[in-house]
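Listed below, chain by chain, are the residues.
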Amino acid sequence: MVDSAYPELKKTHSMARKGRPFTDYKPPVAAPVWDVIEGFGRFHVLVSAIELDVFDVLDEMGPSTSDALAERIGASPTHLATLLEGVLALGLLDKHRGRFELNDTARRYLVSSSPASMAALIPVSPGPLSNWTSLTETVRNGMPSDPIENDPASFYVPLVEGTFTTINRCAQRADLQLRYSALDAPRVLDLGAGGAPWAIAVLDANPTATAVVNDLDGVIDVARRKVAERELDGRCEFRPGDFHEIDIEPAGYDLVVLGHICRTEGVDGSRHLIGRAFDALRPGGRVVLGDYFVDDARSVATHSLMMGVTMMASTRVGSTFTAGQVSEWLTAAGFEAVRLIEPIGYQQVFVATKPVAVTPVTAKPVSPVERTTPDV
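Residues numbered from 1 in each chain as written. Predicted model: local features only at pLDDT ≥ 70, side-chain atom pairs only at ≥ 80, totals over all residues. Heavy atoms only, no water.

### A short note on the confidence of the model for the chain
The predicted coordinates should not be examined in detail at positions where pLDDT is low.
Moving on, step 1. Here the chain averages 91 in pLDDT, and 88% of its residues register 70 or above.
Moving on, step 2. Confidence over residues 363–376 falls short of pLDDT 50; this stretch has 54 contacts with residues more than four positions distant or in other chains. (pLDDT = per-residue confidence, 0-100. Contact = heavy atoms within 4.5 Å.)

As structure tokens, then:
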């Protein structure tokens, strides 16, 4: 019943209903909730389109009807038409006069032959899908049911294949700020290198450079193949093993790369790797630490926050860190001139320099943790 003192108010705005009779109450929209509900389907629509070679075939055929695409791909015309409409809804295809065609985003990021292609990355980027369906139990128990550390090679091989193009493009663009191409015979140490996108970028840009590439047995074979494909193997040494434990020459490198490996290692493991990088560098050498960094309030950098959930869902100690944390760790290890760059979108990289006159840093020793290394 409407309060008789305020006959003009709607029933839903009365004191009995809302307690704020003078406020025009408007409920929030449900769009964010629907976005989440549809998110699962959106991911699988895109993955299915990639697996069916929709983008590559459209790149080859040009604007086409769904029937023509179905005949070429070997799919049900009715079902493919529905899938294409889903891709259209994602904004990853255009449609004009009944024909589907690539838009600029699809042509750049979803065609497999594009130099910026993310097609191989997309299916593997969430980690094992089964861990997402058991996320509730992971939160309750404090451990994923099937952490990737149980069988790292089977997870990381397709992952580092998928991430190579993006990270290599980031490394190439970073030369505009790092100028590693201008160094005289630099020696590079790439820890947890995956497919070695950073080492390859340096070797490509600087014909006097040499590199030591590290990753786990099985995973390091990806780097061997990619280096050989570019005929760079004469300047590259491969050193398989756990990056917390392998032998590293002290003060022997001009550049040490920690590319998207810290977030699987937790705080202690990350600080241990930063310390190893410091010890491995010559005075004046630089560490390059790439990852997805969260804002200090842990509330704004949505991509990095969700990456933290991904780590929690599939690793034992993985997490994302704030830029402030990493900056403090680098400084505490003895680095100076710490700066954060973003060579390409969503790919941030810390760069820090080992002082020429090194002041000994007293730090509590950190025990290595079991090694896990993505190159995302």
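### Considering the nonpolar core
Moving on, step 1. Leu-178, Ala-196, Trp-198, Val-213, Cys-236, Phe-238 and Val-349 are the most contacted members of the largest nonpolar core, which totals 32 residues.
Moving on, step 2. Breaking this core down by element, the ones donating at least two residues are helix 8 (152–178), helix 9 (197–205), strand 4 (210–213), helix 10 (220–229), strand 5 (236–238), strand 6 (253–259), strand 8 (336–344) and strand 9 (347–353).
Moving on, step 3. Sequence-distant contacts of Val-349, that is, excluding residues within four places in its chain, are made with Cys-170, Trp-198, Val-288, Leu-289, Gly-290, Phe-293, Arg-339, Leu-340, Ile-341 and Pro-343.
Moving on, step 4. Phe-243, Leu-281, Val-326 and Ala-352 belong to the second largest nonpolar core, which has 28 residues in total. (Core = buried A, V, L, I, M, F, W, Y, C linked by side-chain atoms within 4.5 Å. Buried < 20%, exposed > 50% of the residue type's maximum accessible area, 1.4 Å probe, protein only. Helix = DSSP H or I, 4+ residues; strand = E, 2+ residues; numbered from the N terminus.)

### Topic: helix 3 (residues 66–73)
Moving on, step 1. Residues of helix 3 that are buried: Ser-66, Leu-69, Ala-70 and Ile-73. Buried residues along helix 3 cover an arc of 100 degrees about the axis, so they all sit on one side. For helix 3, exposure combined with an orientation more than 90 degrees from the buried face picks out Asp-67 and Glu-71.
Moving on, step 2. Those residues of helix 3 hidden inside the fold are in contact with helix 2 (54–61), helix 4 (77–89) and strand 2 (99–101).
Moving on, step 3. In the segment just after helix 3, Gly-74 is the residue with positive phi, at about 85 degrees. (Arc of directions from axis to C-beta.)

### Digging into the pattern of salt bridges
Moving on, step 1. For the coordinates displayed, the defined rule picks out 16 salt bridges.
Moving on, step 2. Note that Glu-161 is salt-bridged to Lys-226, the shortest N-O span being 3.5 Å. Here the residue Glu-161 occupies a position in helix 8, and Lys-226 occupies one in helix 10, the gap between them amounting to 65 residues.
Moving on, step 3. Between Arg-239 and Glu-249 there is a salt bridge, with the nearest N and O atoms lying 3.1 Å from each other. With Arg-239 in the loop between strand 5 and strand 6 and Glu-249 in the loop between strand 5 and strand 6, this pair connects stretches of sequence that are 10 residues apart.
Moving on, step 4. A residue is classified by how much of its surface remains accessible, and Glu-249, at 27% relative accessible area, is partly exposed. (Salt bridge = Lys/Arg side-chain N within 4 Å of Asp/Glu carboxyl O.)

### Here's the deal with the side chain of Asn-103
Moving on, step 1. With respect to the secondary-structure elements, Asn-103 resides in the loop between strand 2 and helix 5 (104–109).
Moving on, step 2. Classification of Asn-103 by relative accessible area gives buried; the value is 11%.
Moving on, step 3. Engagement of the side chain of Asn-103 in a polar contact is seen with the backbone nitrogen of Ala-106, the distance being 2.9 Å.
Moving on, step 4. Here Asn-103 is in contact with Gly-91, Leu-92, Leu-93 and Asp-94, once residues within four sequence places are set aside. (Polar contact = N/O pair within 3.5 Å; in protein donor to acceptor, adjacent residues only side chain to side chain.)

### A look at the sheet that holds strand 6
Note on sheets: strands pair through backbone hydrogen bonds, and any given pair is parallel or antiparallel.
Moving on, step 1. Taking strand neighbours across the sheet as the criterion, the 7 strands line up as 5-4-3-6-7-9-8 in an open arrangement whose pairing is mixed. Edge strands, defined here as strands with exactly one partner in the open sheet, are strand 5 and strand 8. Averaged over all neighbouring strand pairs, the angle between strand axes comes to 20 degrees, with direction disregarded.
Moving on, step 2. In this sheet, strand 9 lies alongside strand 7 (residues 281–291) in antiparallel orientation, the contact comprising 6 bridges. Looking across to strand 9, one finds that Val-288 is bridged to Val-351.
Moving on, step 3. Seen against the sheet, helix 8 touches strand 7, strand 8 and strand 9 and runs at an angle of roughly 130 degrees to strand 8.
Moving on, step 4. In the packing of helix 11 (residues 266–280) onto the sheet, the strands contacted are strand 3 (187–191), strand 6 and strand 7, and the crossing angle to strand 7 comes to about 150 degrees. (Pairing = 2+ DSSP bridges. Axes fitted to C-alpha atoms, helices over the stretch in contact; angles between N-to-C directions.)

### Observations concerning the side chain of His-260
Moving on, step 1. Among the secondary structure elements, His-260 is positioned in the loop between strand 6 and helix 11.
Moving on, step 2. Of the polar contacts made by the side chain of His-260, one reaches the side chain of Gln-347; its length is 3.0 Å.

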